[in-house]
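# Residue-level structural notes
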Amino acid sequence: MSDLLHVTDASFEKEILKSEIPAVVDFWAEWCGPCKMVAPVLEELAKEYKGKIKIAKLNVDENRQTPGKFGIRNIPTLIFFKDGAVSQTIIGAHPKSHIDGELKKLL
Amino acid sequence: MIIGGGPAGLTAGLYAARAKLKTILLERFAPGGQILTTDWVENYPGFPDGISGYDLVDKMKGQAERFGLIIRSQEVQGLELVGEKKSVITDSGTIETRAVIIACGAAPQKLDIEGEGLLTGKGVSYCATCDGPFFRDQPVAVIGGGDTAVEEALYLTRFASKVFIIHRRDRLRAIQLIQERARNEPKIEFIWNTVALKISGDTAVKGLELKNVKTGSISTLPVEGVFVFIGYIPNSGLVRDTLSLDEWGFIKTDNEMATVIPGVFAAGDVRSKALRQVATAVGEGATAAYMAQRYIEGLGKGS
């Protein structure tokens, strides 16, 4: 059972913007190779930060509204949210240590 | 120990594992490498109808693991390569080994012009298969004139309303077959002898400022996406001070993939060479693994 949460346009507000803990959303799609490279890194981080930071994925192919709202034009893109506001954006595939460093800043 | 999980690293892993060497492959992401940004590979022998980049590396990974290759998702942070005992320092501990195959690959070269950094993620991209679908019915520009640039431009015609190929010379470097496809594609327009000076826009790409290198004239081109394919920079930072590199930073080896340090080999895109393809990477991976095996066998004897 994965600790990664899958969010949609419908659940985004409740799960991410109104989340009680900080949240990170990975905007991805099936067609994107680098997204698949980052996926296992996020799985691991979701486990490590369980209960402290919510780590979620949003499929941009099935959910068009949310990516449009945040002006997503490259994937993978990670957006970090704290109290419903964007605190950081990471574009492209980055190593675990880099993402981990940014996650620590959210706590 | 193999560093890098693209086609070169996975093939080295397959050969080393079949040779019954205890082999660990370290990859900072999931295995794949740059081929994952390729939609369709049609020049790898054995797949006459082509194969997706993802499926191809997935098969390579499965094949290597079948023979016992251990793949770990770890990032290498340092290397101590001199001497018989070598150390690989990762984000989760140090691993000692006798031979190292470096197959870290390369990353897309940036233009290094105004607006590029600011607008990366806002219309500037280095991966057409990732980001092409965001540019449906919009005009985009591709910068570069090699195989990758023209192939990616062709891919982008599926989504974009128009694809401008901006090239600093008056002819393409891409192979003839790809050139012909591009010439026959009505959505593609070539802008020759031209370089990009600036990418304009604040929150999204609005256009490009161009300069014709022959006439010196400056012009603007309204586009909403800029895709950059002007070559690669090697991921050789870890060995910059220990191995011999060529003027662009690619690792120099002999014909058997050996670097200047005994027991250290390089394979794939990170190596100094003429052609960077899956077909060349796998051959080098196999050779590097074989030479590493011979090196390790030699360590125990005499000397």
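First things first, this report covers the structure right here in the doc. (Residues numbered from 1 in each chain as written. Chains lettered and ligands numbered in written order. Predicted model: local features only at pLDDT ≥ 70, side-chain atom pairs only at ≥ 80, totals over all residues. Heavy atoms only, no water.)

### Comments concerning the sheet that holds strand β1 (residues 5-7) of chain A
Residue and element names in this part refer to chain A. Under the convention used in this document: Between any two strands, at least two bridges found by DSSP are needed for them to pair. We count a stretch as a helix when DSSP gives it H or I for four or more residues in a row; a strand needs E for two or more, and each element gets its number in order from the N terminus. In this analysis an axis means a line fitted to C-alpha atoms, helices contributing only their contacting stretch, and an angle means the value between N-to-C directions, from 0 to 180 degrees.
Within the open sheet, the five strands sit side by side as β1-β3-β2-β4-β5. Their pairing is mixed. At either margin of the open sheet sits one strand with a lone partner, and together these are β1 and β5 (85-91). The average undirected angle you get between the axes of adjacent strands in this sheet is 25 degrees. As paired elements, strand β2 (residues 23-28) and strand β4 (residues 77-82) share five bridges and run antiparallel to each other. Each bridged residue has a counterpart across the sheet, and for Asp26 the counterpart in β4 is Leu78.

### Some thoughts on the pairing of β2 of chain A
Residue and element names in this part refer to chain A. Inclusion rule: Each residue's exposure class comes from its accessible area (1.4 Å probe, protein chains only) as a fraction of the maximum for that residue type: buried when under 20%, exposed when over 50%, partly exposed otherwise. A crossover counts as right-handed when, viewed with the strands pointing away from the observer, the path leading from the first strand over the helix to the second turns clockwise.
Of all six residues in β2, six are buried; the element is thus mostly enclosed. Covered by surrounding structure in β2 are Ala23, Val25 and Phe27 together with Val24, Asp26 and Trp28, the residues of both alternating faces. Here six bridges tie β2 to strand β3 (residues 54-59), and the two strands are oriented parallel to one another. Looking across to β3, one finds that Val24 is bridged to Ile55. Once you follow β2 into helix α2 (residues 33-48) and on to β3, the crossover reads as right-handed.

### A short note on the interface of chain B and chain A
The following threshold applies: Contacts were defined at the residue level, with two residues in contact if any of their heavy atoms lie within 4.5 Å. When two components associate, each loses some accessible surface as probed by a 1.4 Å sphere; the sum of these losses over both components is called the buried area. Here, a salt bridge means any Lys or Arg side-chain nitrogen found within 4 Å of an Asp or Glu carboxyl oxygen. Throughout this description, a polar contact denotes any pair of N or O atoms lying within 3.5 Å of each other; where both atoms belong to protein, one of them has to be capable of donating a hydrogen while the other can accept it, and for residues adjacent in sequence the pair is counted only when both atoms sit in side chains. Gly counts as polar in this scheme, as do all residues outside two lists: the nonpolar Ala, Val, Leu, Ile, Met, Phe, Trp, Tyr, Cys and Pro, and the charged Asp, Glu, Lys and Arg.
Counting residues at the interface gives 27 residues for chain B and 21 residues for chain A. At the boundary of chain B with chain A, total buried surface from both sides reaches about 2,000 Å², with 60% on carbon and sulfur atoms. It is Phe29, Cys130 and Phe134 of chain B that lose the most area in chain B upon contact with chain A, and together they represent 31% of the buried surface on that side. At the boundary of chain B and chain A, one finds zero salt bridges. Along the contact surface separating chain B from chain A lie eleven residue pairs in polar contact (both at pLDDT 80 or more). Ranked by residues supplied to the side of chain B that touches chain A, first place goes to helix α4 (residues 128-131) of chain B with three residues. When its residues are assigned to classes, the side of chain B that touches chain A shows ten nonpolar, ten polar and seven charged.

### Quick look at unusual backbone geometry
With the exception of glycine, the majority of residues adopt a negative phi angle, and the majority of peptide bonds are in the trans configuration. Look at the link from Ile75 of chain A to Pro76 of chain A: it is a cis peptide, with omega at 0 degrees. As for its placement among the helices and strands, Pro76 of chain A is situated in the loop between α3 (65-69) and β4. Although it is not a glycine, Asp137 of chain B adopts a positive phi angle of roughly 60 degrees. Within the fold, Asp137 of chain B resides in the loop between α4 and β10 (139-143). Take Asp137 of chain B: its relative accessible area is 65%, and that puts it in the exposed class.

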